[in-house]
Amino acid sequence: MVQNSVGNVTEILNLLDKDVYSGEELIENYQYLVDKWGEWEIIGENSVGLVIRYVDVSNALFSGLMMIYMSLTIASLVVAIVLGKLVFPLLAKMYKNANDEMVDMATLTSAGQIEEMTKAKAVNKKEEWF
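Being a predicted model, the structure only gives us computed values, none of them experimental.

**Regarding the nonpolar core**
Then, in step 1: The biggest cluster of nonpolar side chains holds seven residues, and these are Ile12, Leu15, Leu33, Val34, Trp37, Val55 and Ala60.
Then, in step 2: Mapped onto this core, the elements with two or more residues apiece are α1 (5-15) and α2 (23-37).

**Considerations on the packing of α1 against α2**
Then, in step 1: Running from amino to carboxyl end, α1 crosses α2 at an angle of 155°, the nearest separation of the two axes being 9 Å. As summarised for this structure, α1 and α2 are arranged roughly antiparallel, according to the angle between their axes. Listed contacts from α2 to Asn8, Glu11, Ile12 and Leu15 of α1 are Leu26, Asn29, Tyr32, Leu33, Lys36 and Trp37.
Then, in step 2: Looking at the contact of α1 with α2 residue by residue, the classes come out as six nonpolar, two polar and two charged.

**Brief notes about the pattern of salt bridges**
Then, in step 1: Across all of its chains, the model carries three salt bridges by this definition.
Then, in step 2: A salt bridge links Glu11 to Lys36; the nearest nitrogen and oxygen atoms lie 3.1 Å apart. Of this pair, Glu11 sits in helix α1 while Lys36 sits in helix α2, and the two are 25 residues apart along the sequence.
Then, in step 3: By relative accessible area, Lys36 is classed as partly exposed at 26%.
Then, in step 4: Its salt-bridge partner being Glu115, residue Lys119 comes within 3.6 Å of it at the nearest N-O pair. Highlighted residues: Lys119 and Glu115, both in helix α4 (residues 65-129), separated by four residues, approximately one helical turn.

Criteria and thresholds
Residues numbered from 1 in each chain as written. Predicted model: local features only at pLDDT ≥ 70, side-chain atom pairs only at ≥ 80, totals over all residues. Heavy atoms only, no water. Core = buried A, V, L, I, M, F, W, Y, C linked by side-chain atoms within 4.5 Å. Buried < 20%, exposed > 50% of the residue type's maximum accessible area, 1.4 Å probe, protein only. Helix = DSSP H or I, 4+ residues; strand = E, 2+ residues; numbered from the N terminus. Axes fitted to C-alpha atoms, helices over the stretch in contact; angles between N-to-C directions. Parallel < 35°, antiparallel > 145°, perpendicular 65-115°, else oblique. Contact = heavy atoms within 4.5 Å. Nonpolar A, V, L, I, M, F, W, Y, C, P; charged D, E, K, R; others polar. Salt bridge = Lys/Arg side-chain N within 4 Å of Asp/Glu carboxyl O.

In structure tokens form, the structure reads like this:
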């Protein structure tokens, strides 16, 4: 029951292979698979006429590890959408704004220092001329 879904379907196909097993063995294998996975009636529903029954492959496909894998896949998809569409764009905007503020502050500080340096040089040049 904890096998993966491909292994379950492969088991069903192998046990119902008419080239490998005889008629009695096929009947026993079919009963074993019906006990393990259940039976699915396509046409008939216990009527007197034509009834078509199969081993319920959906139980074999969506059992055990497949349900775990599907749950993890859906959870990963939700996390990826939340992170990719909500969290990361907000973080990018926050860091861009913080970076712009730092650049503005650095520009103002540099401009102030350059202005002080030019005033100091201008004062020195005037003294030299006189």
